[in-house]
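# A closer look at the structure
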Amino acid sequence: MNIHEYQAKRLLAERGLPVPPGEVCDTADQARAVAERLLAEGAQQLAVKAQIHAGGRGKGTFVDGYKGGVRLVRTAEEAEVCARAMLGNVLVTRQTGPAGRKVRKVLVAVAPEIRRELYAAVLLDRARGCPVVMASTEGGVDIEEVAARAPEKILTEPVDAVLGWQAYQGRKLAVALGLRGPLLGPAAQFFQGLYRTWWECEASLVEVNPLCVVTGPGGADALLVVDVKMSLEDNALFRHPDLAALRDPNEESPLEVEASKYHLNYIKLDGNIACLVNGAGLAMATMDIIKHYGGEPANFLDVGGGASVEQVTAAFRIIMQDPNVKAILVNIFGGIMDCDVIAQGIVAAVRETGLRLPLVVRLEGNNVVAGKRTLAASGLSVISADSMADAAEKVVAAARAAEASGAAPAGVMRGS
């Protein structure tokens, strides 16, 4: 689960990390009031930042032509103008796609003089099987670009899962980044706090980009978290109701929000062949084999290892809300899953939704005979498949036929 920049900064600040003073605003008038207060407290420059779950905001463009989702201002009047231009507008960045994201909140924060921009992050390294703290002198740049252009500038520090983060590791990274002298101690504390945030929040990623050396009180150098991206592990949220409350459904696909209500793992894609599969690995393999036979998956949909009839029916309803879908492939391997439960869900879903699209079903494993018997006794027609390859070939052919006809078939297709 992704969270907004202002939410991530609050979590960092609660653990002692330096973040610029600021406040999130819902209206332009509120943005003006916050700007007036910050300027009265001594700020020389402020940043007005659109709050959406996407990077590249500063270089983004709003659909009405307004440039930049991050603007620097020096007066409360300018802050109000920027906020008014952003709020309710749709911002398009390299990460949003052409549809963009509607801006519902802006962050008005102090923007001090920046002397250096650095990069820091904590994530799980699956190859090593442990957390890793990453750092680079190339702040303000996408880490993927740095990895492609100058991989030697990316520093990594593995964290022992038993011992946790050690103080010497923070000092090691600080020295490597050139944060010596009076900045050495604050830098080591920063890395400790960054890792603590990742660990306590059970995050999948905490990325500070840029981590800046700024002009602090009295002209001395200081560290400041200017921007941060944070993703939380969905499977751990039941332990953190306070973090689960940070979810912003407006930033997610409506179909994905609906799927989450039934504990379904759903991600919308751009193809026309819907997939309903049990298990993430099998779902990935199903999408791969659809691609292999020339088709395009319309979604990733994992109903899990113990789905109920209600969940299967809900999955069909969600699939049917995607207007791009021209055919559906149900691919179930019954290990924990009971194939008959899936079959009952298919029958209930087809009757409830009045499905008129080609439906290919491949069942294998636990209680498969009963599952096939349920489908046969239902009187419904499906395209049966004996293997993944057979299922993929049939659903690709059915989707092409539906596309060629220019409309959904008149009824549920008959199969073998």
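Our structure's up above, just so we're on the same page.
### Some points on unusual backbone geometry
The linkage connecting Asn-209 with the following residue, Pro-210, adopts the cis geometry, with an omega of 10 degrees. If you check the backbone angles, Glu-202 has positive phi at about 50 degrees while not being a glycine. Tracing the backbone shows Glu-202 in the loop between α6 (184-200) and β12 (203-215). When its relative accessible area of 24% is taken as the criterion, Glu-202 is described as partly exposed.

### Remarks on helix α12 (residues 368-377)
Residues spaced three or four apart along an α-helix face the same direction, because each turn holds 3.6 residues. Those residues of α12 lying buried are Val-368, Ala-370, Gly-371 and Leu-375. With its buried residues spanning 160 degrees around the axis, α12 presents them on a single face. Away from its buried face by more than 90 degrees, α12 exposes Val-369, Arg-373, Ala-376 and Ala-377. Tucked inside the fold, the buried residues of α12 contact α11 (339-353) and β19 (359-365). Where α12 ends, the next residue or the one after it, Gly-379, has phi of about 80 degrees, a positive value.

### As for the environment of Met-230
Along the polypeptide, Met-230 turns up in strand β14 (residues 228-232). The exposure class of Met-230 is buried, given its relative accessible area of 1%. It is 7.6 Å that separates the C-alpha atoms of Met-230 and Glu-5, two residues lying 225 residues apart in sequence.

### Some points on the sheet that holds strand β4 (residues 61-62)
Note: strands within a sheet are paired through backbone hydrogen bonds, in either parallel or antiparallel orientation. Spatial ordering of the open sheet is given by β4-β6-β7, a layout of three strands whose pairing is antiparallel. On the outer flanks of this sheet lie β4 and β7 (101-102), each paired with one strand and no other. Relative to β7, strand β6 (residues 90-92) runs antiparallel, the two being bridged by two bridges. The residue bridging Leu-91 from the neighbouring strand is Arg-101, located in β7.

### Re the sheet that holds strand β5 (residues 70-73)
Taken in spatial order, the four strands of this open sheet run β2-β8-β3-β5, and their pairing is antiparallel. If you trace the sheet from one side to the other, it starts and ends with β2 (22-25) and β5, each paired once. Across the sheet, the mean angle separating the axes of adjacent strands is 20 degrees when strand polarity is ignored. As judged from the five bridges shared by strand β3 (residues 46-50) and strand β8 (residues 106-110), these two strands associate in the antiparallel manner. Across the sheet, residue Ala-50 finds its bridge partner in β8, namely Val-106. The strands that helix α2 (residues 28-40) touches are β2, β3 and β8; relative to β2, the one it contacts most, it runs at about 175 degrees. Lying over the sheet, helix α3 (residues 76-86) contacts β3, β5 and β8, oriented at roughly 165 degrees with respect to β5.

### Some remarks on the packing of helix α5 (residues 167-176) against α6
The description of two helices packed together rests on the angle between their axes and the distance between the axes. In the contact formed by α5 and α6, the axes pass within 8 Å of each other and the chain directions differ by 120 degrees. As summarised for this structure, α5 and α6 are arranged oblique, according to the angle between their axes. You can see that α5 and α6 cross each other, and the crossing is right-handed. Contact residues: Gly-170, Arg-171, Leu-173, Ala-174 and Val-175 in α5; Leu-184, Ala-187, Ala-188 and Phe-191 in α6. Here the residues of the contact of α5 with α6 are counted per class, giving seven nonpolar, one polar and one charged.

### A few points about the packing of aromatic side chains
Under the definition given, this model contains five aromatic pairs. Measuring from centroid to centroid gives 5.7 Å for Phe-62 and Tyr-66, while their planes differ by 55 degrees, and the two rings are tilted. On the accessibility criterion, Phe-62 (2% relative accessible area) is buried. With centroids separated by 5.2 Å and ring planes inclined at 70 degrees, the aromatic side chains of Phe-190 and Phe-191 adopt a geometry described as edge-to-face. The pair formed by Phe-190 and Phe-191 is uniform in burial state, with each residue classed as buried. An aromatic cluster of three or more residues is present, and its members are Trp-165, Tyr-195, Trp-198 and Trp-199.

Rules of the game
Residues numbered from 1 in each chain as written. Predicted model: local features only at pLDDT ≥ 70, side-chain atom pairs only at ≥ 80, totals over all residues. Heavy atoms only, no water. Helix = DSSP H or I, 4+ residues; strand = E, 2+ residues; numbered from the N terminus. Buried < 20%, exposed > 50% of the residue type's maximum accessible area, 1.4 Å probe, protein only. Arc of directions from axis to C-beta. Contact = heavy atoms within 4.5 Å. Pairing = 2+ DSSP bridges. Axes fitted to C-alpha atoms, helices over the stretch in contact; angles between N-to-C directions. Parallel < 35°, antiparallel > 145°, perpendicular 65-115°, else oblique. Left-handed = near helix turned anticlockwise from the far one by under 90°. Nonpolar A, V, L, I, M, F, W, Y, C, P; charged D, E, K, R; others polar. Phe/Tyr/Trp six-rings, centres within 6.5 Å; stacked < 30°, edge-to-face > 60°.

In short, the description is geometric, and any link to function would need to be established separately.
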